[in-house]
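# Residue-level structural notes
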Amino acid sequence: MSRRLGVGLLGVGWMGALHTRSYRRLADHYPELDVTFELVAAADPDPRRRRRAVEQLGYGRADEDWRSVVEDPGVDVVSVTSPNYLHREMALGVIAANKQLWVEKPVGTSVAQTEQVALAAAAAGTVGAVGFNYRHVPLIEHAVSLVAGGSLGAITGVRGWFLNDYASDPRGPINWRFLRSEAGSGVLGDLMSHVVDLAAAIVGPLSEVVASTDVVIGRRPLASGDADHFSVVATDRGPVMPEGGMPSVPVENEDSARALVHFAGGATGFLEAGRAVVGPHCSLGIAVYGSAGSLLWDFERMNEMDLYLADAPGDPGYRRVLARPGHGDYARFQPGPAISMGYDDLKVVEAARFVRAVLGGEPCAPGLAEAVSAAQAIDAMERSAVSRSWEPVSSAGPAVGSQRATVAPGPEVTRTREGASQRTDQV
Ligand SMILES: NC(=O)c1ccc[n+]([C@@H]2O[C@H](COP(=O)([O-])OP(=O)(O)OC[C@H]3O[C@@H](n4cnc5c(N)ncnc54)[C@H](O)[C@@H]3O)[C@@H](O)[C@H]2O)c1
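Let me sum up the structure you'll find in this document. Values in this document were obtained by computation on a predicted structure and should not be read as measured data.

### Section: the packing of helix α4 (residues 87-96) against helix α5 (residues 111-124)
- The N-to-C vectors of α4 and α5 enclose an angle of 5°; their axes lie 10 Å apart at closest approach. When the axis of α4 is compared with that of α5, the two are roughly parallel. Facing α4, whose interface residues are R88, A91, L92 and I95, α5 presents Q113, Q116, V117, A120, A121 and A124.
- For the contact of α4 with α5, the residue count by class is 7 nonpolar, 2 polar and 1 charged.

Structure below.
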């Protein structure tokens, strides 16, 4: 008989809607899970978002108070899709209520917060799935198995990047992503965390980093209306620079970050992330170089990868590999090669892994352990941007857990495009 799972949703934005669609699509792509989802309740302080939850997404009710959703006896699994600063508190609430957790990245705004959630989940036996959805790209899973199987030989070099233009227009209004109190770090937690996670999935953990961060657009206009992630303030005067008279506020965290990294396995890499880059729209990519070959993949062409294998006959050149059945979960979505999958499909894969773990089949990966590793790498980059020297990738230490919920690193020093120093106090 089909198992019923009641869904609770905390945050009805872009990710909240996507998590909801993903639960709905599970039966189509993973029928053997045999689960019926009931969309029980959603929480959001914004009344428009609460109306959307009920009228558009189909939740039974919507509340301002997320605790009422977590504590609803009809709720079994909870998606945490709110701004970053709420993730730790909400995740701990989900764990304490004995519900299962699917939380967006970053799980905390510091290593200590992330470790605290991971430890609490482990102690309670809670499943914790984390939104590192790019791991589920079939060609990334293929890359993982090529490297693990030795096809590329010993890995010596890695380039990773996430270059995005969502904050490249100075008219783009301020929102939680630009505020330390609500997002924590800027592009490090938002985009670099995906780069670090992909690199770790393919090549293994990072051991040390030296990094530099910048604020590219120092002030942004105040939002009006229902502004979202990709909004630009409408004006009939053409592009308005923040200095041009519109009320504006300072951006409190970094727009770009670049890091040289060492991997524990011996490879060296260069990782970069930018949210105010003009040109690339959503270019998340990785290149891996080994003694016997190399590969190159970019999310803007998610369903193809360039592969060079030195022992192929003649001068092999790079070969274009197209996604096909046999690569990761591709066959769950398309019956034959080169019929493209899309971004939303990756979340369906993630939902399937979460639900499979909830049903007791297997551990969930990527989960909270991967979130802790990514947080440690991001923290080392933040420290290095201040110290201007190599920093080890390490745990927040033995005090993590009930005694130490947050860390208070020193002020971050970032450089603006003009080269002026700018200090932003971390929260
Ligand atoms: N994995 C990915 O590819 C990916 C992509 C985008 C965003 N994210 C992550 O997802 C999270 C949400 O991002 P988004 O783009 O959906 O943001 P969003 O701004 O579109 O949505 C956030 C929602 O949370 C609501 N919210 C604020 N305070 C709340 C509270 N106290 N209780 C309940 N809801 C509250 C907001 O009103 C808003 O509706 C972020 O942590 C972000 O890093 C992940």
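Past the structure itself, the notes keep going.
### Notes on the sheet that holds strand β4 (residues 77-80)
- Read across the open sheet, the 6 strands follow the order β3-β2-β1-β4-β5-β6; overall the sheet is parallel. Of all the strands in the sheet, just β3 (61-63) and β6 (128-130) have a single pairing partner and so form its edges. Taking the axes of each pair of neighbouring strands and ignoring which way they run, one obtains an average angle of 25° across the sheet.

### What about the pairing of strand β12 (residues 268-274)?
- Within β12, 5 of the 7 residues are buried, which leaves it mostly tucked inside the rest of the structure.
- For strand β7 (residues 155-164) and β12, the ladder comprises 7 bridges, and the chain directions are parallel. Bridge assignment links G157 to a residue of β12, and that residue is T268.
- Where strand β11 (residues 256-263) hands over to β12, the hairpin turn is made up of 4 residues, of which G266 adopts a positive phi near 115°.

### Considering the nonpolar core
- Counting residues in each nonpolar core, the largest one holds 116 residues, and the members touching the most others are M192, W297 and M381.
- There are two domains that each give this core at least three residues, and those are domain 1 (3-134 + 352-366) and domain 2 (135-340).
- Contact partners of M192, with chain neighbours within four places excluded, come to V187, A257, L271, E272, A273, I378 and M381.

### Things to note about the site of the ligand
- In the vicinity of the ligand there are 27 residues, among which D44, R49, N84, N133 and Y343 approach most closely.
- Here an oxygen atom of the ligand and a side-chain polar atom of R177 are 2.9 Å apart.
- If you list the elements that add at least two residues to the shell around the ligand, you get α1 (14-29), α4 and α9 (343-358).
- Tallied by class, residues from the shell around the ligand come to 12 nonpolar, 9 polar and 6 charged.
- Summarising the domain contributions, the shell around the ligand has at least three residues from each of domain 1 (3-134 + 352-366) and domain 2 (135-340).

### Here we look at α9
- Here α9 spans 23 Å end to end across 16 residues, near enough to the 22 Å set by a 1.5 Å rise per residue.
- Counted residue by residue, α9 has 15 buried out of 16 residues, so it is predominantly covered.
- Just downstream of α9 lies G360, where phi reads positive at about 100°.

Definitions and limits used
- Residues numbered from 1 in each chain as written.
- Predicted model: local features only at pLDDT ≥ 70, side-chain atom pairs only at ≥ 80, totals over all residues.
- Heavy atoms only, no water.
- Axes fitted to C-alpha atoms, helices over the stretch in contact; angles between N-to-C directions.
- Helix = DSSP H or I, 4+ residues; strand = E, 2+ residues; numbered from the N terminus.
- Parallel < 35°, antiparallel > 145°, perpendicular 65-115°, else oblique.
- Contact = heavy atoms within 4.5 Å.
- Nonpolar A, V, L, I, M, F, W, Y, C, P; charged D, E, K, R; others polar.
- Pairing = 2+ DSSP bridges.
- Buried < 20%, exposed > 50% of the residue type's maximum accessible area, 1.4 Å probe, protein only.
- Core = buried A, V, L, I, M, F, W, Y, C linked by side-chain atoms within 4.5 Å.
- Domains from an automatic or database assignment.
- Near = heavy atom within 4 Å.
- Polar contact = N/O pair within 3.5 Å; in protein donor to acceptor, adjacent residues only side chain to side chain.
- Expected span 1.5 Å × (residues − 1).

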